Amino acid sequence: MRFSMITCVLVLMWPLFGSCHPVRGSVQPGLLFMQQFEMNSLQLGLNWRNLSCALCQTAFTMLDIALLADANEERVARMVGEVCIRLHLADEQVCHDITELFRDDFIRALQESLLWPTEACAVLVGPPCGKFDIYAPWNITLPKVPKPPVKPPSPPKPGSPRSRVLFLTDIHWDHEYKVGSSADCKDPLCCRNDSGSPSWRRREAGYWGTYGKCDLPLQTVENLLEHVGRTGPWDWVYWTGDIPAHNVWSQTRKQQLSELTIISRLIHKHLGPNVTVYPAVGNHESTPVNSFPPPFVHGNRSSAWLYNSMAEEWTPWLPEQALKTLRYGGFYTVEIQPGLRVISLNMNFCALENFWLMVNSTDPANQLQWLVHILQASEDKGEKVHIIGHIPPGLCLSSWSWNYYHIVNRYESTITGQFFGHTHLDEFQMFYDEATMTRPLGVAFIAPSVTTFVNLNPGYRVYFVDGNYQGSSRLVLDHETYILNLTEANQSPGNHRASVPDPNPKWTLLYRATEAYGLPSVFPSDWDGLLQTFIKEDQVFQKFWYLRHKGHIAEPCTETCKTTLLCLLRSGRYDELQQCDLLNYFEGDLVLAARKTLC
């Protein structure tokens, strides 16, 4: 027997209508997959604790039996759509569309999983009803080669070459963006053709973008690419995914591939043939969103339709061997320069929201074991490695996150940069030595989004890396964040009519890390020291809070908000986030806040 269809669909659907920003809830610690559902159920006025074990298990068993017959799939899907409407999870049309979109793939993943009604009821009703361990612990295997002695990082000699690296993430182009449409609509995404006209005292979609739950028009994406094309040269580019908009209830494979093609070719056009771009796969590239079957799934339900198209579009940037593993599992490795290698991970294989992991969540596609193999080979050759991906590792499933953290610890002298996106915010996650959890040995940089979703300025990141010379550390030496101030861009200079946009908007430097925070460098020890400064000097923390939101935030972050954020920044490993949660008496809320996201 398998987990109830209604339970799982509600778990999957609710984050689709949430926010990119952390939201606090009120539940006990436990497995996040079910924590999310229980929190959302309480918000909807449902109290699963009123069910008896027998009644709960009977209900789930009946639904699971219904799913054993293919003829009942349509009936169950209609029932889920009706639940969505009656519980007001979304507008009626959105409920219908998203049920149809998720139905086939999700039911197939559910039918192939090993979940039982007792596992659902164990969380919904309580531990006496059973045990829930779908994402049981697992371990990768490290080589028996001893870890080399660790040498603390040191700044390069004055005048040493630097590499200037452009970083783009979370573009989220909305091909249905409509200037003048309502920015405050009832749907999960606004500023669109079907958002209607703004009513009295309601905001309208601006020409270059809009503060609110809106994504970007194509003119803003093109303007950004024209801008970065002029402000080069770039030594290379990291691009960590999420091309489509957040209209996740109405997307098609044809539309996703069209947007992949258009944006990839625009990047190639504006940056030119001499700049190599190293992409990573985002969670929004697929449809349904977050649906990334591991390679053991074949046929039409596999991700071949997506990976093959990516390989075709990214051929100008990637060699054949990289394209081979990209087609297999959405990950690859390439030598950027002699002595420096990039590894692009498919972080969807660590994502709670990827329902295909219900079937088997143990190192999907053997990606982490492959990562170990590449890192060991790089260590043997004396190469340095940069890792790029979409979802930050601290937000991954617990076992995946733990294993990744373990790998970073083992290869700390080889991994000299970790670069992610996904949250849309400007932040970072720390890595410490596993023996004491006090010595900082790594930092995952999380760059801000290009999109405005939610309530942000468009932005991008520039990294300055120790350059291409013998003995280079290849460490990040500094970084800059640039934004497009929408308040200024949507109004021409000297023109007081808000509806007249600036024809030549200015992308401006928001801050440089070393200058903004008074850091001598941006090594792991510097970020660890900055965390201590945040605790002692609230003014510095509030500056970080402002910069984290790309210069557009309404109110300060104090008390619980501040403690929560400090925990998030320190937690490059999921179980460390849980530990911080318990030590600060958040009773599970912190973990929920960290993971509850639509990004």
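Residues numbered from 1 in each chain as written. Predicted model: local features only at pLDDT ≥ 70, side-chain atom pairs only at ≥ 80, totals over all residues. Heavy atoms only, no water.

Enquirer: Any details on the overall build of the chain? Residues and values, ideally.
Expert: Helix and strand counts for the chain stand at 19 helices and 12 strands. Considering only intrachain contacts with a sequence separation of at least 6, the fraction spanning at least 24 residues in the chain is 73%. (Helix = DSSP H or I, 4+ residues; strand = E, 2+ residues; numbered from the N terminus. Contact = heavy atoms within 4.5 Å.)

Enquirer: Could you give an account of the pairing of strand E8 (residues 427–432), naming the residues involved and the relevant values?
Expert: Regular strands have side chains that alternate between both faces of the sheet. Burial analysis of E8 places 6 of its 6 residues in the buried class, the great majority of the element. Judged by which residues are buried, E8 turns out to be covered on both faces: Glu427, Gln429 and Phe431 on one side and Phe428, Met430 and Tyr432 on the other are all buried. Alignment of E8 against strand E9 (residues 440–446), held across 6 bridges, turns out to be antiparallel. Opposite Gln429, over in E9, you have Ala444 as the bridge partner. (Buried < 20%, exposed > 50% of the residue type's maximum accessible area, 1.4 Å probe, protein only. Pairing = 2+ DSSP bridges.)

Enquirer: Please provide a residue-by-residue account of helix H15 (residues 524–536), values included.
Expert: Taking 1.5 Å per residue as the helical rise, H15 with its 13 residues ought to reach 18 Å, and the 19 Å between its terminal C-alpha atoms agrees with that figure. Taken residue by residue, H15 has Pro524, Asp526, Trp527, Asp528, Leu530, Leu531 and Phe534 as its buried positions. Lining the buried residues of H15 we find E8, E9, strand E11 (476–484), helix H14 (513–517), helix H16 (538–548) and helix H17 (560–570). (Expected span 1.5 Å × (residues − 1).)

Enquirer: I'd love a proper account of the pattern of salt bridges, names of residues and values included.
Expert: With the rule as written, the count across this model stands at 15 salt bridges. Among the ionic pairs, Glu313 bridges to Arg265, the shortest N-O distance being 3.0 Å. Of this pair, Glu313 sits in helix H9 (residues 304–313) while Arg265 sits in helix H8 (residues 253–271); the two residues are 48 residues apart in sequence, bridging distant segments of the chain. Relative accessible area serves as the criterion here: at 11%, Glu313 is assigned to the buried category. (Salt bridge = Lys/Arg side-chain N within 4 Å of Asp/Glu carboxyl O.)

Enquirer: Let's hear about the state of the cysteines: which residues, and what values?
Expert: Following the criterion strictly, the structure yields 4 disulfides and no others. Disulfide pairing places Cys191 opposite Cys214 at an S-S distance of 2.0 Å. Disulfide Cys191-Cys214: the torsion about the S-S bond is 60 degrees, which places it as right-handed. One end of the pair, Cys191, is in the loop between strand E1 (162–168) and helix H7 (218–230); the other, Cys214, is in the loop between E1 and H7, with 23 residues separating them in the sequence. Accessibility classification places Cys191 together with Cys214 in one group, the buried group. (Disulfide = S-S within 2.5 Å.)

Enquirer: Just give me the short version of unusual backbone geometry, but keep the residues and values in it.
Expert: Trans is the common state for peptide bonds, and a negative phi is the common state for residues other than glycine. Following Gly232, the chain continues to Pro233 via a peptide bond in cis, the omega torsion being 5 degrees. By the secondary structure assignment, Pro233 is in the loop between H7 and strand E2 (236–239). Of note, the bond from Thr287 into Pro288 is cis; its omega dihedral lies within 30 degrees of zero at 0 degrees. Within the secondary structure layout, Pro288 lies in the loop between strand E3 (277–279) and H9.

Enquirer: If you had to explain the side chain of Arg548 to someone new, which residues and values would you point to?
Expert: Within the secondary structure layout, Arg548 lies in helix H16. On the accessibility criterion, Arg548 (4% relative accessible area) is buried. A polar side-chain atom of Arg548 sits 2.9 Å from a polar atom in the side chain of Glu427. Among residues more than four places away in sequence, those in contact with Arg548 are Leu425, Asp426, Glu427 and Leu565. (Polar contact = N/O pair within 3.5 Å; in protein donor to acceptor, adjacent residues only side chain to side chain.)

Enquirer: With reference to specific residues and values, describe the sheet that holds E8.
Expert: As summarised here, the arrangement of the 6 strands in space is E4-E5-E6-E7-E9-E8, forming an open sheet in which the pairing is mixed. Each edge of the open sheet is held by one strand with a lone partner, namely strand E4 (332–337) and E8. Direction aside, neighbouring strands of the sheet carry axes that sit 25 degrees apart on average. Pairing between strand E7 (residues 415–420) and E9: 3 bridges, direction parallel. Residue pairing for E9: Gln418 is matched across the bridge by Ala444. (Axes fitted to C-alpha atoms, helices over the stretch in contact; angles between N-to-C directions.)

Enquirer: Quick one: what's the story with the packing of H15 against H16, residue by residue and with numbers?
Expert: Interhelical geometry of H15 versus H16 gives an angle of 115 degrees and a closest axis separation of 5 Å. Of the possible angle classes, the one that applies to H15 and H16 is roughly perpendicular. In this structure, H15 contributes Leu530, Thr533, Phe534 and Lys536 to the contact, and H16 contributes Asp538, Val540, Phe541 and Phe544. Looking at the contact of H15 with H16 residue by residue, the classes come out as 5 nonpolar, 1 polar and 2 charged. (Parallel < 35°, antiparallel > 145°, perpendicular 65-115°, else oblique. Nonpolar A, V, L, I, M, F, W, Y, C, P; charged D, E, K, R; others polar.)

Enquirer: Tell me what's going on with the environment of Gly209, and back it up with residues and numbers.
Expert: With respect to the helices and strands, Gly209 occurs in the loop between E1 and H7. Sequence-wise, Gly209 and Lys178 are 31 residues apart; in three dimensions their C-alpha atoms are separated by 9.8 Å. Residues in contact with Gly209, not counting those within four places in the same chain, are Tyr177, Pro217, Thr220, Leu486 and Asn490.

Enquirer: Please provide a residue-by-residue account of the packing of H16 against H17, values included.
Expert: Look at H16 against H17: their axes get within 12 Å of each other, and the N-to-C directions meet at 70 degrees. If you check the angle between H16 and H17, you find them roughly perpendicular. Residues Asp538, Phe541, Phe544, Trp545 and Arg548 of H16 form the contact with H17, whose participating residues are Cys561, Lys562, Leu565, Leu566 and Leu569. When its residues are assigned to classes, the contact of H16 with H17 shows 7 nonpolar, no polar and 3 charged.

Enquirer: Please set out the environment of Asn283 residue by residue, giving values where relevant.
Expert: Structurally, the position occupied by Asn283 is in the loop between E3 and H9. Judged by its relative accessible area of 2%, Asn283 falls in the buried class. Put simply, Asn283 and Asn346 are 63 residues apart on the chain and 9.0 Å apart in space, counted from C-alpha to C-alpha. Looking at Asn283, its side chain comes within polar contact range of the side chain of His390, at 3.0 Å. Looking at Asn283, its side chain comes within polar contact range of the side chain of His422, at 3.4 Å.

Enquirer: An account of the side chain of His390 is needed here, citing residue identities and associated values.
Expert: Assignment of secondary structure puts His390 in the loop between strand E6 (384–388) and helix H12 (398–410). Note on His390: relative accessible area 0%, which makes it buried. For His390, the contacting residues outside a window of four places in its chain are Thr169, Asp170, Thr240, Gly241, Asp242, Val281, Gly282, Asn283, Met347, Phe420, Gly421 and His422.

Enquirer: How would you sum up the pairing of E2? Please name residues and give values.
Expert: By the alternation rule, side chains of E2 split into Trp236 and Tyr238 and Val237 and Trp239, which are all buried. Note: E1 against E2, 4 bridges, orientation parallel. Within E2, the position partnered with Val165 by the bridge is Trp236. Taken together, E2, H8 and E3 constitute a β-α-β crossover, and its handedness is right-handed. (Right-handed = clockwise from strand over helix to strand, strands pointing away.)

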